[in-house]
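# Descriptive structure summary
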Amino acid sequence: MNTGQEHDEEMEMLLWDYIDGGCNATEEERVSQLIANDSTWKSKYNELLAFNTSLTGVAPEQPSMRFTKDVMDAIATTAIAPKTKSYINNYIVRSIAAFFLLVITVSLFVLYSGVNSSIPQLAIKNPLKIKLDWLSSGTVMNFIALTGILCLLLLADHFIRNKRTRAHFS
Amino acid sequence: MAVIQLVLQGQQQAYATLVQRYQQYVYTLALRYAGRRELAEELAQDVFLKAYRFLADYKGTGKFSTWLYTIVHTTCLSYMRKEEKTTTLLTHEQLLSVADLRTASSISRLEQKTQNQLLDAAIKQLPDADGQIITLFYMAEQSVEEIGTIMGLTTSNVKVKLFRARQKLKEIIEHQYKNELIK
């Protein structure tokens, strides 16, 4: 896009903001002055305003005559669900989140301690002096590792799902 | 709000008032995705059914229409995922050629080429998401912030998309209908 096109696009964006009432006081004053004193701005403003006015006159589509009846027939056998917060206990949700965070933190700490013991030259002192011998048992390590992996997979799924939804409509 | 309270208190027939008030907008939004009237009616019916079922979750902090159109958006998204429909970003040339193909026969069937009919036909040529933004802004009279809530976008993102949708719409109209629009 060349400079001329960029300038035109910038002018259009500002004029649309002005028409939509989205400008702050300073921008509004500036655009008003430009429309009043610059023929290019005035011409483009009139063009966009006419286009905007024509769009506001477009009527929505009409469904079939029996649409309301069909909806009322469908809800006749449906009950209104109770409020979500009445059956979702936030305390439980937060407790589960805290447990997951604890597991991830312990997993990372164990990993960090493992690195320490395998490379003594790079050993960093354990500032908390926590005895971690019991963690070296196979069963406990497997449980922590599996739980940590599960947490990471759930987070990745949530992230990818959100990213996909955003990309779908960008 | 009074109607919603009546429905929540058990007066099911009061819900018909809400349906009649919003059916055109819900149906029009659904049509932007479905492309077919029968399917759009099914989706719209599904939206009102969900809205009824989860009416107790409407907090009353924002407009009821915004809450309802969010259900429209998520319902249509789910439908598109199931049908594996994708929104393809068209280049300028592709957009105009698609508009040519879609309107060549439909325009010839129009009995009276009024400005509103031509504009409506042009809006239908837009990609789904652009058509939805135009419909939400102009027909459903949602603000930029409300559209952001409905579509899960930031306000600045909505402004940019609205700008692009308007540009595309203008191009379609200028390309197809420059001899027919009353200036």
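Refer to the preceding data block for the structure.
Here goes a summary of the coordinates provided. (Residues numbered from 1 in each chain as written. Chains lettered and ligands numbered in written order. Predicted model: local features only at pLDDT ≥ 70, side-chain atom pairs only at ≥ 80, totals over all residues. Heavy atoms only, no water.)

## Thoughts on the side chain of T68 of chain A
Structurally, T68 of chain A can be placed in helix α4 (residues 67-75). Engagement of the side chain of T68 of chain A in a polar contact is seen with the side chain of Q23 of chain B, the distance being 3.1 Å. (Helix = DSSP H or I, 4+ residues; strand = E, 2+ residues; numbered from the N terminus. Polar contact = N/O pair within 3.5 Å; in protein donor to acceptor, adjacent residues only side chain to side chain.)

## Here's the deal with the environment of T155 of chain B
Residues and elements named next belong to chain B. Take T155: it is sitting in helix α9 (residues 155-177). In this structure, the C-alpha to C-alpha distance between T155 and E145, residues ten residues apart in sequence, is 5.4 Å. Non-local contacts of T155, meaning those with residues more than four positions away in its chain, are made with V144 and E145. (Contact = heavy atoms within 4.5 Å.)

## As for the interface of chain B and chain A
Taken together, the contact between chain B and chain A spans 57 residues of the former and 42 residues of the latter. Between chain B and chain A the total buried area reaches about 4400 Å² when both faces are included, carbon and sulfur atoms providing 62% of it. By the criterion of area lost to chain A, the three top residues of chain B are Y138, F163 and K170 of chain B, representing 14% of everything that side buries. Counting across the interface, chain B meets chain A through six salt bridges. Between R164 of chain B and E9 of chain A there is a salt bridge whose closest N-O contact spans 3.3 Å. Contributing elements (two or more residues each) for the side of chain B that touches chain A: α1 (2-8), α2 (15-34), α3 (37-53), α4 (64-83), α6 (115-125), α7 (128-139) and α9 of chain B. A per-element tally of the side of chain B that touches chain A places α9 of chain B first, with twelve residues. Of the residues assigned to the side of chain B that touches chain A, the class counts are 30 nonpolar, 13 polar and 14 charged. (Buried area = accessible area lost by both parts, 1.4 Å probe. Salt bridge = Lys/Arg side-chain N within 4 Å of Asp/Glu carboxyl O. Nonpolar A, V, L, I, M, F, W, Y, C, P; charged D, E, K, R; others polar.)

## A few points about the packing of helix α2 (residues 25-37) of chain A against helix α3 (residues 39-56) of chain A
All names here are of chain A. The geometry of α2 relative to α3 is characterised by a closest axis approach of 5 Å and an angle of 105° between their N-to-C directions. In terms of their interaxial angle, α2 and α3 are classed as roughly perpendicular. Contact with α2, carried on its side by L34, I35 and N37, involves S39, W41, K42 and Y45 of α3 and no other residues of that element. Looking at the contact of α2 with α3 residue by residue, the class counts come to four nonpolar, two polar and one charged. (Axes fitted to C-alpha atoms, helices over the stretch in contact; angles between N-to-C directions. Parallel < 35°, antiparallel > 145°, perpendicular 65-115°, else oblique.)

That's the geometry; what it means functionally is another story.
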